[in-house]
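Inside the fold
Read off the chains here:
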Amino acid sequence: MQAIVIVLCKVSVSIGDIKDPEHPYSLEELKVITEDAIEVDNERSYVRVTFTPTVEHCSMATVIGLCLRVKLMRSLPSRYKMDIRVAPGTHATEAAVNKQLNDKERVAAALENPNLLDMVDECLAPCYA
């Protein structure tokens, strides 16, 4: 399986290999992330990633979105604006999850939680298996 890679201004960011917080598979393997769900506009320095949780009541949707945001924040130049979204109609609390994932203050507060940050770092850690 070929990893999903975003190429922006000579920067490659692999988001498909982010591990799912509950399953021993990558987001790409679970079809949570697909190439079609990634929009890039280099001229406007804009990236949108739309992900599809595995189930409508996925309790980890916010964590998955946070992992995507953190991976992009750590990898892209700071001028890039990121929009991380749940695919329309795929989650019971879609609007609330989208609001949380795209609110800078909420994201910053989440990343101050050491347990949550550890979970995100675990999902982003490279897998050498």
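Scroll up a little and you will see the structure.
Residues numbered from 1 in each chain as written. Predicted model: local features only at pLDDT ≥ 70, side-chain atom pairs only at ≥ 80, totals over all residues. Heavy atoms only, no water.

**Section: the environment of Leu72**
Using the following cut-off: In this text, helices come from DSSP runs of H or I with a minimum length of four residues, and strands from runs of E with a minimum of two, each type numbered from the N-terminal end.
Counting through the fold element by element, Leu72 comes out in helix H1 (residues 61–75). Distance in space between the C-alpha atoms of Leu72 and Ser14 is 8.9 Å, their sequence separation being 58 residues.

**Re helix H4 (residues 114–124)**
Heads up, the condition is: Using a 1.4 Å probe on the protein chains alone, a residue whose accessible area is under 20% of its type maximum counts as buried, one over 50% counts as exposed, and one in between counts as partly exposed. Think of it as the arc spanned by the lines of direction from the helix axis to the C-beta atoms. Definition of a polar contact: a pair of N or O atoms within 3.5 Å, with one able to donate and the other able to accept a hydrogen when the atoms are protein atoms, and with sequence-neighbouring residues admitted only if both atoms are side-chain atoms.
Within the sequence span of H4, burial applies to Val120, Cys123 and Leu124. The buried residues of H4 all sit within an arc of 95 degrees when viewed along its axis, so they share a single face. H4 presents Pro114, Asn115, Asp118 and Glu122 as exposed residues on the side facing more than 90 degrees away from its buried surface. Measuring from the side-chain oxygen of the N-cap residue of H4 to the backbone nitrogen of Asn115 gives 2.9 Å; that N-cap residue is Asn113.

**What about the packing of aromatic side chains?**
In plain terms, the rule: Aromatic pairing here means that ring centres of Phe, Tyr or Trp (its six-membered ring) are within 6.5 Å. Orientation follows from the plane angle: under 30 degrees is stacked, over 60 is edge-to-face, and everything else is tilted. Remark: a charge is flagged as sitting over a ring if the NZ atom of Lys or the CZ atom of Arg is within 6 Å of the ring centre and within 35 degrees of the ring normal.
Enumeration over the complete set of coordinates arrives at 0 aromatic pairs. Above the face of the Tyr46 ring, Arg44 is positioned so that its terminal group lies 5.1 Å from the ring centre.

**Quick notes on the sheet that holds strand S3 (residues 38–41)**
As a reminder of what qualifies: For two strands to pair, DSSP has to find at least two bridges joining them. Convention adopted: a line fitted to C-alpha atoms gives each axis, helices being fitted over their contacting stretch, and angles between N-to-C directions are expressed from 0 to 180 degrees. Working rule for contacts: check all heavy atoms of both residues, and any pair within 4.5 Å makes them a contact.
The strand order across the open sheet formed by 3 strands is S3-S4-S5, and the pairing between neighbours is mixed. Each of the sheet's edge strands pairs with one partner strand only, and the pair in question is S3 and strand S5 (81–86). Pairs of neighbouring strands in the sheet enclose a mean axial angle of 10 degrees, with direction left out of account. With 6 bridges joining them, strand S4 (residues 46–51) and S5 adopt parallel strand pairing. What sits directly across from Phe51, in S5, is Val86. Here H1 sits on the sheet and contacts S4 and S5; the angle it forms with S5, its principal contact strand, is near 160 degrees. The strands that helix H2 (residues 94–101) touches are S4 and S5; relative to S5, the one it contacts most, it runs at about 160 degrees.

**Observations regarding the side chain of Asn98**
By the element assignment, Asn98 lies in helix H2. A polar contact is formed between the side chain of Asn98 and the backbone nitrogen of Val86, at a distance of 2.7 Å. When near neighbours in sequence (up to four residues on either side) are disregarded, Asn98 contacts Ile84, Arg85 and Val86.

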